[in-house]
Amino acid sequence: MSSLKELNVLIRVDLNKDIITIKGQKQYFNNVTISSNNDHRIVMAMSVILSAVGGEIEGIEAVKKSYPGFFEDIIKLGAEVKIK
């Protein structure tokens, strides 16, 4: 995957008043690679999602903008993280 726009076909989002429901299609995430587009928020959000289904994020250095210790903290929470 070269863009987060492509994620629109992988998840279903339902909005109902003040509740948002997100349903993933785990089978489509097999070995997915997502570009962060140098956005620290995308790196952090996609790290949480991909910790459950697997995949890679390009441009993870963007987290240094707002949360340099993000990966250390997510590992403490039990996520498996491999930085190349």
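For the structure, check the block above.
Draft legend 1. The arrangement of the nonpolar core in detail. Ranked by internal contacts, the top residues of the largest apolar core, which has 14 residues, are Val43, Val63, Phe70 and Phe71. Of all the secondary structure elements, the ones that give two or more residues to this core are helix H1 (40-53) and helix H2 (70-76). Here this core gets 5 residues from one element, more than from any other, and that element is H1. For Val63, the contacting residues outside a window of four places in its chain are His40, Val43, Met44, Pro68, Phe70 and Phe71.

Draft legend 2. Representation of the packing of aromatic side chains. Taken as a whole and judged by the stated rule, the model has 2 aromatic pairs. Ring centres 5.6 Å apart and planes at 75° place the aromatic pair Tyr67 and Phe70 in the edge-to-face group. Between Phe70 and Phe71 the ring centres are 5.1 Å apart and the planes differ by 75°, which places this aromatic pair in the edge-to-face class. Owing to a relative accessible area of 10%, Phe71 belongs among the buried residues under this scheme. Aromatic ring contacts, followed pair by pair, group Tyr67, Phe70 and Phe71 into a single cluster.

Draft legend 3. Region of the structure containing the side chain of Ser36. With respect to the helices, strands and loops of the structure, Ser36 is situated in the loop between strand E3 (33-35) and H1. Contact partners of Ser36, with chain neighbours within four places excluded, come to Ile42, Val43, Ile57, Glu58 and Gly59.

Draft legend 4. Representation of the side chain of Asp39. Its location among the elements puts Asp39 in the loop between E3 and H1. Judged by relative accessible area, which is 15%, Asp39 ranks as buried. Among the polar contacts made by the side chain of Asp39, one reaches the side chain of Arg41 at a distance of 2.8 Å.

Draft legend 5. Summary view of H1. Over its 14 residues, H1 extends 20 Å from the first C-alpha to the last, a length consistent with the 20 Å expected when each residue adds 1.5 Å. Those residues of H1 lying buried are Ile42, Val43, Met44, Met46, Ser47 and Leu50. Looking at the buried residues of H1, the elements they touch are E3, strand E4 (56-58) and H2.

Rules and cut-offs
- Residues numbered from 1 in each chain as written.
- Predicted model: local features only at pLDDT ≥ 70, side-chain atom pairs only at ≥ 80, totals over all residues.
- Heavy atoms only, no water.
- Core = buried A, V, L, I, M, F, W, Y, C linked by side-chain atoms within 4.5 Å.
- Buried < 20%, exposed > 50% of the residue type's maximum accessible area, 1.4 Å probe, protein only.
- Helix = DSSP H or I, 4+ residues; strand = E, 2+ residues; numbered from the N terminus.
- Contact = heavy atoms within 4.5 Å.
- Phe/Tyr/Trp six-rings, centres within 6.5 Å; stacked < 30°, edge-to-face > 60°.
- Polar contact = N/O pair within 3.5 Å; in protein donor to acceptor, adjacent residues only side chain to side chain.
- Expected span 1.5 Å × (residues − 1).

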